[in-house]
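Read off the chains here:
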Amino acid sequence: MYFTALYIIYTVGFLISCACVAAVMGQKTSGQQKIMAGMTFFIAVMWLGSWLGIHSQTLGEMNICTKITFTGSCHVFLFQLMLMFSYCRVQPPKVLYPMLCGVNCIINIVAFSIGRDGLFFASEELRQYGGFSLLITASGPFHQLYLAMEVLYSIIMLITAVISVIHDSDRLVPVGGFTFAVLIPTACSLLYANSYTEMDFTPVGFLVSEIIIFLLIYGSKIYDVQDTARQYVFDSLEDGIIVLDRHQRLKGYNEIAKQIFPELRYSKPDTPIDDASPDINKILYEKAAKDIEVGSRVYRPSITKITDDKDKKHINGYVIRATDVTEQQRNLELINNYQRNLERDVREKTARILKMQEQTIFSFATLVESRDSLTGEHVRRTSDYVAVLAAEMKNRGMYPRVITSSYLEQLRMAAPLHDIGKIKIPDSILKNPGKLSPEEFEIMKSHTVEGGKIIEDTLKEIEGDNFFLIAKEVAVYHHEKWNGTGYPYGTKGEEIPISARIMAVADFFDALTSARSYKKAYSASKAYQILMEESGKSFDPRVVDCFMRSRGEIEKILVKYGGSLEAEDDVLSDRDKAMSRLRNGF
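These figures come from a predicted structure and were not determined experimentally.

Conventions adopted
Residues numbered from 1 in each chain as written. Predicted model: local features only at pLDDT ≥ 70, side-chain atom pairs only at ≥ 80, totals over all residues. Heavy atoms only, no water. pLDDT = per-residue confidence, 0-100. Helix = DSSP H or I, 4+ residues; strand = E, 2+ residues; numbered from the N terminus. Contact = heavy atoms within 4.5 Å. Salt bridge = Lys/Arg side-chain N within 4 Å of Asp/Glu carboxyl O. Buried < 20%, exposed > 50% of the residue type's maximum accessible area, 1.4 Å probe, protein only. Axes fitted to C-alpha atoms, helices over the stretch in contact; angles between N-to-C directions. Parallel < 35°, antiparallel > 145°, perpendicular 65-115°, else oblique. Left-handed = near helix turned anticlockwise from the far one by under 90°. Nonpolar A, V, L, I, M, F, W, Y, C, P; charged D, E, K, R; others polar. Pairing = 2+ DSSP bridges. Patch = residues over 30% accessible without salt bridge, like charges linked within 9 Å, V, L, I, M, F, W, Y side chains within 5 Å. Areas by Shrake-Rupley, 256 points an atom, 1.4 Å probe, with all protein chains shown as cover.

1. A few points about the confidence of the model for the protein
For step 1, the next point in the chain: Per-residue pLDDT for the protein averages 79, and the proportion of residues at 70 or more is 80%.
For step 2, the next point in the chain: Ranking the elements of the protein by mean pLDDT puts helix α24 (residues 574-584) last with 45 and helix α22 (residues 541-549) first with 96.
For step 3, the next point in the chain: Scored below 50 in pLDDT, residues 219-226 makes 17 contacts in the model with residues more than four places away or belonging to other chains.
For step 4, the next point in the chain: For residues 568-572, every residue scores under 50 in pLDDT, and the model assigns this stretch 12 contacts once sequence neighbours within four places are set aside.

2. Some thoughts on the pattern of salt bridges
For step 1, the next point in the chain: Considering all chains together, one arrives at 20 salt bridges under this definition.
For step 2, the next point in the chain: Residues Asp324 and Arg297 are paired through a salt bridge, measuring 2.8 Å at the closest nitrogen-oxygen approach. Taken together, the residues Asp324 in strand β7 (residues 315-324) and Arg297 in strand β6 (residues 297-307) connect sequence positions 27 residues apart.
For step 3, the next point in the chain: For Asp324, a relative accessible area of 11% corresponds to the buried category.
For step 4, the next point in the chain: By relative accessible area, which is 24% here, Arg297 ends up partly exposed.
For step 5, the next point in the chain: With a shortest N-O distance of 2.7 Å, Arg501 and Asp540 are connected by a salt bridge. Of this pair, Arg501 sits in helix α20 (residues 498-513) while Asp540 is found in the loop between α21 (524-534) and α22, placing the two residues 39 residues apart along the sequence.
For step 6, the next point in the chain: Classification of Arg501 by relative accessible area gives buried; the value is 6%.
For step 7, the next point in the chain: Of the residues examined, Asp540 reaches a relative accessible area of 2% and is grouped as buried.
For step 8, the next point in the chain: Shared partners join several salt bridges into a network, and the residues in it are Glu494, Arg501, Asp540 and Arg542.

3. Brief notes about the packing of helix α15 (residues 405-414) against helix α19 (residues 467-477)
For step 1, the next point in the chain: One can describe the packing of α15 onto α19 by two numbers: an axis separation of 9 Å at closest approach and a directional angle of 50°. Taken together, the axes of α15 and α19 lie oblique to each other. The crossing of α15 and α19 is right-handed. Across the interface between the two elements, Tyr407, Gln410, Leu411, Met413 and Ala414 of α15 pack against Phe467, Ile470, Ala471 and Val474 of α19.
For step 2, the next point in the chain: For the contact of α15 with α19, the residue count by class is eight nonpolar, one polar and no charged.

4. Examining the sheet that holds strand β3 (residues 240-245)
For step 1, the next point in the chain: With antiparallel pairing, five strands are arranged side by side in an open sheet as β4-β3-β7-β6-β5. Each having just a single partner strand, β4 (250-253) and β5 (292-294) make up the two edges of the open sheet. Between one strand axis and the next, the sheet turns through 25° on average, direction left out of account.
For step 2, the next point in the chain: Of the strand pairs in this sheet, β6 and β7 are connected by nine bridges, and their pairing is antiparallel. Pairing of Arg300 across the sheet is with Thr323, part of β7.
For step 3, the next point in the chain: The strands that helix α11 (residues 278-285) touches are β3, β5, β6 and β7; relative to β7, the one it contacts most, it runs at about 105°.
For step 4, the next point in the chain: Of the strands in this sheet, β6 and β7 are in contact with helix α12 (residues 326-337), which crosses β6 at around 125°.

5. Observations concerning a nonpolar patch on the surface
For step 1, the next point in the chain: On the surface, Tyr7, Ile8, Val12, Ile16, Ile211 and Leu215 cluster together into a nonpolar patch covering about 510 Å² of accessible area.
For step 2, the next point in the chain: For the nonpolar patch, the elements supplying multiple residues, two or more each, are α1 (2-25) and α7 (202-217).
For step 3, the next point in the chain: Sort the elements by how many residues they give to the nonpolar patch and α1 lands first, with four residues.
For step 4, the next point in the chain: Considering the arrangement of structural elements, one finds Ile16 in helix α1.

Take a look at the structure:
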């Protein structure tokens, strides 16, 4: 029975190892994905040798299988170490990988002498138990070296884990779990080598380690949807973007950046920028960086330092932006040479800049909303709802000194920034599909004040423009209620800025008609009913009245961006209603 169970374990283990190879190879290519692919491949090779070994009938056959096993195991530890460095974000010395790889190859080559001399195993004995074969060995000098290398790898990985946790104590649990996983195979190997077990469970240890690492990496860099979304936004920009950490190590770049600086194509993450690209490194230290010509395009580099909110002197990283100024220079030439085209060129340039600003605002707002499991349609719908509602109020003569044509356009562009403060909210709260605790809800509510701070820090230098004031009002006050029970300040009635009152109605309607992780989407008619119930309580009744008068335009927008006028279930359960109110502040 015992050996039957072992046979099943070896068979299932070999199949799972092959499945892990297929699973990793099917993921998006990245640095960690390549390392995982190498690790899972060599674990599968080791399992193949072990599985064939239990079927061996002669010592010669067993020795061949053992050589296959060590071909896999000699290299798995190196891949685990590489993955540990990557996961812990530690940059190893450049000479480390070639040195360890050389030692591994030597051990692997000597392992092929098993059965001929005593360099690897001093002796080998084949034992069979009811058709199940085991190899009983005594260590030779190179097998002792192999075990010593395992211990060395374990020590390096432990040191790496400690360094990682010292720099970022928030990663104590995941790094600790990763460290536990990579030490399992070493423990199994040492137990077998010291004759504590007659059966070599090292392949089992590697399989358990592989599965734990696979689960830890899942949701991180290889499988992170947000990484894909962020890269999509980066790649869609017309400017080159390069991101460095505070140690000036390369963290990311977009497609345009690779066209401007081709050497980035051959640079790995966390590479010091002076090694990755001397040209980019020069930009960091030049007082006035020169324009860069790439083909027919001209790019002007600039540097933005990422600092702490409280301590502006503490630098967390750098963003190098290579702005496409080709059109700008061409326009200047046209102005100098063709005065008669001045007004036309200025209008075209202004329109292009405004369009770029609008695209940037929408892209950034969409990226922030994606952390809350929302899509770009939410940003565009609420912006269009606000524009329709404000236009209806203007047509009805409400607040004529405030709601002007310029105000309408500025409010429409400011609307996507209403939840910009959510970038400060931890994922554990923002992505929690369940009911938030009172403490978590207090943190969630802080996104209004934080949004105001972000907008103030970003846009306060703009002079002669109401856009900054409108954007700040929308971000800070859009969760205030007409009856004064909202947040963050409990402002009520006419004291709430009109921009925020308009935004609150549009945001609430979209929250009702959109599916969220904590509720289903409700039909337009049900949403109107709930909105009317909140009129005079949560919302300005005159704003709600204008919204209801604009139902035709509102429903066109809802359908345009993939919404539905009908829903599968209009029954609002007590749990969903409470959840919706708690999550949205109504």
